[in-house]
Amino acid sequence: MALNYDYDEQGETWPFFLLTLLLVLLIPSTLIQFWRIIKNNDSEDEVTRKYKEINKKAGRDVVPLEELNELYTDDKIKKFRKKFDHSSKSKILNLRNLLIIIGWVIVSVLVQRISNNDAIKEAASGMFDPYELLGISTSASERDIKSAYRKLSVKFHPDKLSKDLSEKERTTMEEMYVQITKAYEALTDEAMRENFLKYGHPDGPQSTTHGIALPQFLVEGAASPLLVFAYVSLLALILPYIVSKWWSRTQSYTKKGIHVNTASYFADRLVNYKPSEVVTTNLIINWLSHAEEFQIFFPNKTPAYFEKLLLNHINRVPMDENPTDVLIKYRIVAKCHSLLYGLLDIASGFRNTDIALAALDTFKCLVQAVPHNQYSQILQLPNVNKEHFIDSTEDVYTVGKLFTFEDNKIQKMLGIEDKDQFEHTMKVASNIPVLKLLKADFIVPGEKHVTPSAMAYISVKVLVRSPKHKFIPLKKFPDETLQEPTDFDFLKDPFASMNEKPLLPYSFAPFFPSSRRNAWCCLVALQKDLKILQSPFILERLSLTNLTKDLDKRVLKELGDDFDPKDWEIGSIRIPLAQAAPPEKGDFPFRIIIKSTDYFGCDLDFTIFMHVSDMTEEEKRDESQNLLNDLDSSEDDISDDGDEDEDDSEYDSDLTDIDTDTETEESDVEDEKQNIKEDKNKPFFFQFIPSKK
């Protein structure tokens, strides 16, 4: 077989090489970028947009704080968000998308060049394909092959050609006849067929050209050193650098996105933690200041410097005299988001409840730029004169208590002189979501109660309300509105329905360097040792439609008969349990903590009992009968209509609410006590115990 070495002077090969290289890079990059655009991360998904449209048609504004947040955000923070905040950047108009578009334009140019290249067409036409020459399929029988050959022989045989043909046309027809004959022999003659299968041609090995997919001037001309340098740079420098960076990042960061050195420091602090040590937000700030991420951002700064900046942020100390310090402060404060989630996860691994709760309190302090003390709930509101309020004689520490006074009294108490500013303050205060606990229980899907070693989840029914709302007694909500669904789709996946709720709106956090959505962190701890049982569950979806309802406690002294519980949306929080129920029967107390990451005064902290018991004989017979009914229904191709037989039994759980984050408003406590007296002969789900501070 003759071998010739040649350069790609006519551009037969290099377009394919470049096209392959581009497609290898562009296809995965395009798919990844497309997923980033449509994925439901910080962007609003279809469910959230649907909720907004419904509330807009009903005249309800469920995102009133977004405009105020923009109004009260400093121009320096807006500039920082535009530069660093991914949620505020356009997902369409960016450099990555521009490069992808340019890449696809180059691909289209290469495809056009290949399709118009005569040399490529000639090379393609030189490929011997007997099936194409005879106009038959690869599955054609021997009879079909002979029939096609006969028809083409009559058409192209030299003795059958017209005498009116030109010399060129005759030559072409004769060459075609030769090719048809070879095609027929390649499919019928054993020796020629063997050559075709082995070498791709019935005549055996053909001349093959080997070369490089570059023109000669790039290899042997003046551009040769540049080509060598490009190859060496790509293979010896660029590719090893990219791989090493990827590997280093993979090995340097945990699954939660924090540096391994930072995680190691947090773990070391927790290992050496003494139970007698008082855990404060200042301690957490000190731990954060040692984060490796800060040193990577600013290698010339010390942990003491970072700690000072974080404390200045919390205490709203102005730093206009040094723009560099301001930029550094914004960078490290924004990074604290992932650091605190990482610390929370590590603290949960160590089962340390104190550190986990302190981390969440620090989260709020950084988001609202407010120190953690008895005035935090009020100081998180805009326009409040801090010194004037603290010097006030009124004993007010919660937003709910604030709404027990008239507007003129509140305005005077907060030291706000401007009327518009006061309206903004009241709007923010009335739109901070507060959770009222209605019911909590352990649920095993498809079962009436928790059996030994069963996989259960915690169902928490809450009423999202405004701090200004009148207290609504539990008896106003019928028991059936607090039950879990029993349809087949829900039993198959109880947590899927939570994704049908809208994303929580952006928080009012004008001092935080990046845009934030509120979230609630759900912790489960054992009551006997107060240690965390599992990793935290983050709640990011919950409807806040109830905040738009007009139920001002200062105007409405008591609820009348016209109160309709159907007008209020009951929120469902389902916390998965990582462990099965205890193998033995009994009552096991658990502590459930649901804390907001962004607002003070929105938390729940209560105890719930898991009642573990065996199934009764009647329940076993019912379960067996239900299984038989399901089998019969599936065999007859009939949908299961027996959900009514599997409804959860209605039983009360021993539940005690010990809200430790806020003081319960006095008027609400009195209302609750009165309702308990009225219903003392009726079962109830929980009893408020006001915290003492």
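Residues numbered from 1 in each chain as written. Predicted model: local features only at pLDDT ≥ 70, side-chain atom pairs only at ≥ 80, totals over all residues. Heavy atoms only, no water.

Peer 1: Even after reading the chapter, I still don't get the overall build of the protein, so can you show me in this structure?
Peer 2: What the protein contains, in helices and strands, is 26 helices and 12 strands. Within the protein, the fraction of its 693 residues that count as buried is 42%. If you take every contact in the protein between residues at least 6 apart in sequence, the share linking residues at least 24 apart comes to 73%. Looking at the protein as shown, the accessible area adds up to about 38700 Å², and 54% of this sits on carbon and sulfur atoms. (Helix = DSSP H or I, 4+ residues; strand = E, 2+ residues; numbered from the N terminus. Buried < 20%, exposed > 50% of the residue type's maximum accessible area, 1.4 Å probe, protein only. Contact = heavy atoms within 4.5 Å. Areas by Shrake-Rupley, 256 points an atom, 1.4 Å probe, with all protein chains shown as cover.)

Peer 1: Could you clarify how one ought to interpret the packing of aromatic side chains in this entry?
Peer 2: What describes a pair of aromatic rings is the distance from one ring centre to the other and the angle between the planes of the rings. By the definition in use, this model includes 14 aromatic pairs. Seen in terms of ring centroids, Phe 297 and Phe 298 are 6.2 Å apart; in terms of plane orientation they differ by 75 degrees. Their pairing is edge-to-face. We classify Phe 298 as buried; its relative accessible area is 16%. With a centroid separation of 5.8 Å and an interplanar angle of 45 degrees, the aromatic rings of Tyr 375 and Tyr 397 are classed as tilted. Placement of the pair is Tyr 375 in the loop between α18 (353-368) and α19 (376-379) and Tyr 397 in the loop between α20 (386-390) and α21 (399-402), with a sequence separation of 22 residues. An aromatic cluster is present here, built from Phe 294, Tyr 305 and Phe 306 joined pairwise through their rings. Seen from the ring of Phe 512, Arg 516 lies directly overhead, with NZ or CZ sitting 5.4 Å from the centre. Above the ring of Tyr 506, the side-chain terminus of Arg 517 is found at 4.2 Å from the ring centroid. (Phe/Tyr/Trp six-rings, centres within 6.5 Å; stacked < 30°, edge-to-face > 60°. Lys NZ or Arg CZ within 6 Å of the ring centre and 35° of its normal.)

Peer 1: Which parts of the structure should I look at to understand the side chain of Lys 329?
Peer 2: You can see Lys 329 is positioned in helix α17 (residues 323-349). Relative accessible area serves as the criterion here: at 10%, Lys 329 is assigned to the buried category. Discounting chain neighbours no more than four positions away, the residues touching Lys 329 are Leu 309, His 313 and Met 319.

Peer 1: What should I look at first to understand the sheet that holds strand β4 (residues 457-465) in this one?
Peer 2: Whether parallel or antiparallel, the strands of a sheet pair through hydrogen bonds between backbone atoms. Read across the open sheet, the 3 strands follow the order β3-β4-β8; overall the sheet is antiparallel. Of all the strands in the sheet, the pair left with one neighbour each is β3 (434-443) and β8 (570-576). Taken over all neighbouring pairs, the strand axes of this sheet differ in orientation by 25 degrees on average, direction set aside. Where β4 lies against β8, 7 bridges are found, and the strand directions are antiparallel. Looking at β8, one finds that Val 460 is bridged to Ile 573. (Pairing = 2+ DSSP bridges. Axes fitted to C-alpha atoms, helices over the stretch in contact; angles between N-to-C directions.)

Peer 1: Hey, could you run me through the nonpolar core in this one?
Peer 2: One recurring pattern in soluble globular proteins: nonpolar side chains tend to sit buried together. If you look at the biggest cluster of nonpolar residues, it comprises 114 residues, and the most contacted ones within it are Leu 288 and Ile 594. At 13 residues, the largest contribution of residues to this core is made by α17. Each of domain 1 (6-121) and domain 4 (432-624) gives at least three residues to this core. Counting 17 residues, the second largest nonpolar core, distinct from the first, contains Phe 128, Ile 136, Tyr 184 and Leu 187. (Core = buried A, V, L, I, M, F, W, Y, C linked by side-chain atoms within 4.5 Å. Domains from an automatic or database assignment.)

Peer 1: In this structure, what is going on with the confidence of the model for the protein? I would like to understand it.
Peer 2: Any residue range with low pLDDT should be treated as having predicted coordinates unsuitable for detailed reading. Summing up the model confidence of the protein, the mean pLDDT is 81 and the portion of residues at 70 or higher is 78%. Note that residues 634-665 has pLDDT below 50 and, in this model, 92 contacts with residues that lie over four places away or in other chains. Of the regions scoring below 50 in pLDDT, residues 675-693 engages in 43 contacts with residues more than four places distant in sequence or in other chains. (pLDDT = per-residue confidence, 0-100.)

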